[in-house]
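# Descriptive analysis of the structure
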Amino acid sequence: MTIEAIGTSYARTGGLERVTGAQQYLADIKVNDVLQVKLVTVPCARARIISIDTSAAAALPGVRLVVTADDLPQPVPRFGPHAEDRPVIAVGRVNYHGEPVAAVAAETKEIAEAAARLVEVEYEELPAVVTVDAALAPDAFLVQDPAIRRPDDPLAETNMFSEHRFGWGEVEAAAAEADLIVENTYEYPMVTQFAIEPHGCIAAPDGDGIVVWSTIQHPFQLQKILAKVLGMPLAKVRVIAPDLGGGFGGKQWPNVQPLCAFMALKAGRPVRLVMTLEEAFQAVRRTSAKVHIRTGVKKDGSLAFEDIVSNFLVGAYADIADRVVSKGNYLAAGPYNVPAVRIIARGVLSNTPPATAMRGFGVPETAWAREMNLDDCALALGIDRLEIRLRNLARYQDEFVPGDTPADGRWEQTVQRAAELIDWGEPLPPNCGRGIAVAAKSGPTTGLSYSIVRLLGDGSAIVFSGTSDMGQGARTVFAQIAAEELGVPMEKMAVVMGDTAVVPYDQQTSASRSTVLMGTAVLNACRDIQGQIRSVASRLYGVDEEAITVDRGVVRLPDKELSVVEVAKAGLGKMGGEYVGKGMGRKDAVPGHPLQGTAAFFEFNCTAIEVQVDPGTGELTVLRHVTVGDTGKSLNPMQVRGQDDGAAIQGLGHAMMEHYIFDEHGRVRNLGAIDYRIPTSKDLPLELISEQIENGDGPGPYGAKGVSEGAILCVAPALGAAVRDAIGVAIRDLPLSPERVWRAMRDGK
Amino acid sequence: MSDRFPLDLTVNGQRHQVDVPVYHTLLDFLRDDLGLTGTKECCVVGECGACTVIVDGRTVNSCLMLAVEADGCEVITVEGLAVDGKPNPLQRAFLDHGSAQCGFCIPGQLMSAQGLLMENPHPTAEDVHEALAGNLCRCAGYEQITEAVLAAAEEVAP
């Protein structure tokens, strides 16, 4: 009767559609009478718009609508998850290369593209800031007009969007007593999510409301933002979020959706905008960073203090980047017991594409600096680099960040396993090196997810969930939880997602939260049904409810065991019917907490890399890449491996080849797939090993923790350490391109 | 933009005789004119491989080929892989090995893999990496994709 669904590597729910081409992504959805939208931009990062002449574009046959800021409600609404700073369309000025100044809707894509070229924008190009140093220079102009900053914002007259201060202990006192202090500056490049599915949006008038299909990780947040800018009640704004062709954080928050919504309402017809890959590069990216770090240690290798100043370069609008800055830096001192910590973390505005969430959410940027610096300490003290980590690593239940969730795993097991798998300490051939690094990322600090589960009359079941499945496999995991609890086989499970008019509220799909928070909601919805089955069994068999238990598909009566499904069927009369269960998963805010809440769990990872450096060219060959994560419990090991393998390789892309290049106009020069390289099947480590530690110590169903980001967190420092081990020189900028490695070898620094 | 061409070709075993706009790529034709949306569009410059199809036995990026160039050709898309409505061994292997994560690149990966197995029924892992090097997967499920291709080859031609 019990189905051992948990811990089983079921094929992906929705997998058949993905291998047959039947999966309907946004761009595959056909909407009748739809107009095609093309955006108009200017070829520089910062400009004053003098005039926009749309007459030639509007006169082109087949063009139905051309909009500029003048055609929208005044003042033009602004929106954003953090600050309402981004206008629906550029108003009077352009603040980054790619910001739309006008948009055309036409009967065909070709006409829309032709019309967009006919929009005449007269503009005055202004100098742009695209680096941390330029933005923070004393004479730098302001990226954001103080008028759009919060009225009481003390930083409004600067290019700092925010400054966060975290820490504990007395850093200066600890510095006076440290035996060694290592101080360096590290840079993390500007990289982009590069989902293979282009971003897109279809918006259509729907009676006195609107329906919007979009590539969006947070359909309920998009619904809320649209309702606000359109002045509509939530009930009249329906967001449909088809499964995503990759998100990686880049599809969390709206950018062009409000514009599309206004255009649909103005045209009185559906409109459709599917971005080009180049436009996606201009719409979303990861925060780049410049991190200055001072690490103090005692002779025995124990950490005395960490003193960190992080400047994260965000874009012209804050999007969710300020949260990346605060959350990514909150754990900048790492998963270690450090007696004194001082962290100053700034979000620095610039005339660059808006930085938003990306896998790892600020942790890779700080882990790069901290772990490289810790190796400097180990090497200077003559302590093994593995040993210094084990010495300082937080042990189970240590409150390594005072006042926050204690260490929720036996992390030393993770580190020791990674060391074993990389043959730590074994001799290496010439030009080869090993590195090891650790990092922890805080899971969600607040969260709210509802689920509805319906056990149908024939013993099949449907899970309703507002989570977005973008490849992480949430559908499969939710089906497994319900299969386990209701005793319904996987082939009789359906999972419905991605429609705010159909599924109940889910705050968001981010921070590797869904298995834990939505998983708990699904589990609780099944428990609700189990309770109903208990009442039914009591009525059917004349037994007191207290004498009956229902668990994992089985109804236990004093004298017999029955399946949940058979009791459920017996309990339904001639009219048929079904059982509807409701469940919630919740993580409450903590008033006064620097992140508004404690960590629901930590994603802890240890990455160890063995690399070979070509002494002639600086080219790297990753001989072995080991990634070990603490998952608590892997509900679907095959999917967990997919997440870990994928995050590891994505991390190698960041560490070895990816970065935006700007020209003198503040334009991104390497937009698109030709000039911006990501890993292919030819760039893989010769051996990639991902393993998981499972002690059932997570807060999610069956002891699970979130898993999707861990394996990207400390790839860069593990690789950087391996390269240093091979060539004897530390490189503190990324990516570790052949040229950079070759120069380091040549210059010896 | 009104120039049209009378195209005559076979897609997944079915003959089509249609007038297509001369500027339509094979990708546009498949997706917009035939409604076969299994073939995906991403970079449109022949770098990502999401639009890979098989034309007369050879894999091509359908974004780089005009529809008119496929006149008289036999085209196979991901929709044409299934046999009697059931996934073929390659598709089955992709399912069983967890190769599809978000799934967006998978039609292209499958077509490149199908093209490889047509030419080389006993590939090594290195052969698979080489043949699929033009198919980007940002989920980076390359390991599980390679395992699936090797398993399918073993099943079809042991």
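### A look at the overall build of chain A
- Looking only at helices and strands, one finds 18 helices and 28 strands in chain A.
- In summary, chain A has a C-alpha radius of gyration of 27 Å against a globular reference of 27 Å for 749 residues, a match within 12%.
- For chain A, the spread of C-alpha atoms along the principal axes amounts to about 85 × 75 × 50 Å.
- Within the span of chain A, comprising 749 residues, buried residues form 60% of the whole.
- Residue pairs in contact within chain A that sit at least 24 positions apart in sequence constitute 80% of those at least 6 positions apart.

### Topic: the overall build of chain B
- For chain B, the helix and strand inventory stands at 5 helices and 5 strands.
- Taken over the C-alpha trace, chain B has a radius of gyration of 15 Å; the compact-globule value for 158 residues is 15 Å, and the two agree within 12%.
- The principal-axis extents of the C-alpha atoms in chain B amount to approximately 50 × 30 × 25 Å.
- Across the 158 residues in chain B, those meeting the buried criterion constitute 56%.
- Taking the intrachain contacts of chain B between residues at least 6 apart in sequence as the baseline, contacts between residues at least 24 apart amount to 58%.

### Points about the packing of helix 3 (residues 106-119) of chain B against helix 5 (residues 142-156) of chain B
Residue and element names in this part refer to chain B.
- Look at helix 3 against helix 5: their axes get within 11 Å of each other, and the N-to-C directions meet at 40°. Here helix 3 is positioned oblique relative to helix 5, judged by the angle of their axes. Note on packing geometry: the crossing formed by helix 3 with helix 5 is right-handed. Contact with helix 3, carried on its side by Gln 109, Ala 113 and Leu 117, involves Ile 145, Val 149, Ala 152, Ala 153 and Val 156 of helix 5 and no other residues of that element.
- Across the contact of helix 3 with helix 5, the residue classes break down as 7 nonpolar, 1 polar and no charged.

### Some details on the domain arrangement of chain B
Residues and elements named next belong to chain B.
- If you check the domain split of chain B, you get domain 1 (4-80) and domain 2 (89-156).
- Summarising the inter-unit geometry, the C-alpha centres of domain 1 and domain 2 are found 21 Å apart.
- Listed by partner, the interface residues are 14 residues for domain 1 and 13 residues for domain 2.
- Broken down by secondary-structure element, the contributors of at least two residues to the side of domain 1 that touches domain 2 are strand 3 (52-55) and strand 4 (58-61).
- With 3 residues, strand 3 is the largest single contributor of residues to the side of domain 1 that touches domain 2.
- Of the residues contributing to the side of domain 1 that touches domain 2, the split by class is 6 nonpolar, 6 polar and 2 charged.

### Observations concerning the interface of chain A and chain B
- At the interface, 43 residues of chain A touch 40 residues of chain B.
- Contributing elements (two or more residues each) for the side of chain A that touches chain B: helix 1 (15-20) and helix 16 (637-656) of chain A.
- Residue contributions to the side of chain A that touches chain B peak at 7 residues, all from helix 16 of chain A.
- Grouping the amino acids of the side of chain A that touches chain B by side-chain chemistry returns 21 nonpolar, 15 polar and 7 charged.

### Describing the sheet that holds strand 2 (residues 14-21) of chain B
Residue and element names in this part refer to chain B.
- A sheet is described by the order of its strands in space; here 5 strands give the open sequence 2-1-5-3-4, paired in mixed fashion. Strands with a single pairing partner mark the edges of an open sheet, and in this sheet they are strand 2 and strand 4. For this sheet, the mean inter-axis angle between neighbouring strands, taken without regard to orientation, is 40°.
- Two strands pair when backbone bridges link them, and strand 1 (residues 4-11) and strand 2 are joined in this way by 8 bridges, in the antiparallel orientation. Within the sheet, the bridge partner assigned to Pro 6 lies in strand 2 and is Asp 19.

### A look at the domain arrangement of chain A
Residue and element names in this part refer to chain A.
- On domain assignment, one finds that chain A holds domain 1 (15-23 + 447-587), domain 2 (31-126 + 197-245 + 250-283) and domain 3 (359-371 + 385-443 + 599-747).
- The straight-line distance from the C-alpha centre of domain 1 to that of domain 2 is 39 Å.
- Classifying every residue of the side of domain 1 that touches domain 2 by side-chain character gives 3 nonpolar, 9 polar and 3 charged.

### Points about the nonpolar core
Residues and elements named next belong to chain A.
- Within the largest apolar cluster, 296 residues are counted, with the highest numbers of intra-cluster contacts made by Val 104, Cys 260, Met 263, Ala 482, Val 522 and Val 723.
- The greatest single-element share of this core, amounting to 11 residues, is contributed by helix 14 (residues 517-541).
- Those residues in contact with Val 522 that sit more than four places away from it in its chain are Ser 451, Val 453, Val 463, Ser 465, Phe 478, Ile 481, Ala 482 and Gly 583.

### Re unusual backbone geometry
All names here are of chain A.
- With an omega of -10°, the peptide bond running from Gln 74 to Pro 75 counts as cis.
- Note on placement: Pro 75 falls in the loop between strand 3 (63-68) and strand 4 (78-79).
- The phi dihedral of Tyr 702 falls on the positive side, at around 60°, and the residue is not glycine.
- Within the element layout of this structure, Tyr 702 appears in the loop between strand 28 (688-693) and helix 17 (715-727).

### Considering the sheet that holds strand 10 (residues 180-188) of chain A
Residues and elements named next belong to chain A.
- Spatial strand order, 9-17-16-15-10: 5 strands in an open sheet with mixed pairing. Each edge of the open sheet is held by one strand with a lone partner, namely strand 9 (160-168) and strand 10. Adjacent strand axes in the sheet meet at a mean angle of 10°, parallel and antiparallel pairs treated alike.
- The sheet contact formed by strand 16 (residues 303-313) and strand 17 (residues 340-348) spans 9 bridges and is parallel. By the bridge assignment, Phe 312 is partnered in strand 17 with Gly 347.
- Against the sheet, helix 10 (residues 363-381) makes contact with strand 10, strand 15 (288-297) and strand 16, and its axis sits at roughly 145° relative to strand 10, the strand it touches most.

Rules behind the numbers
Residues numbered from 1 in each chain as written. Chains lettered and ligands numbered in written order. Predicted model: local features only at pLDDT ≥ 70, side-chain atom pairs only at ≥ 80, totals over all residues. Helix = DSSP H or I, 4+ residues; strand = E, 2+ residues; numbered from the N terminus. Rg over C-alpha atoms; globule rule 2.2 N^0.38 Å. Buried ≥ 20, exposed ≤ 12 C-beta atoms within 10 Å, placed from the backbone. Contact = placed C-beta atoms within 7 Å. Axes fitted to C-alpha atoms, helices over the stretch in contact; angles between N-to-C directions. Parallel < 35°, antiparallel > 145°, perpendicular 65-115°, else oblique. Left-handed = near helix turned anticlockwise from the far one by under 90°. Nonpolar A, V, L, I, M, F, W, Y, C, P; charged D, E, K, R; others polar. Domains from an automatic or database assignment. Pairing = 2+ DSSP bridges. Core = buried A, V, L, I, M, F, W, Y, C linked by C-beta atoms within 7 Å.

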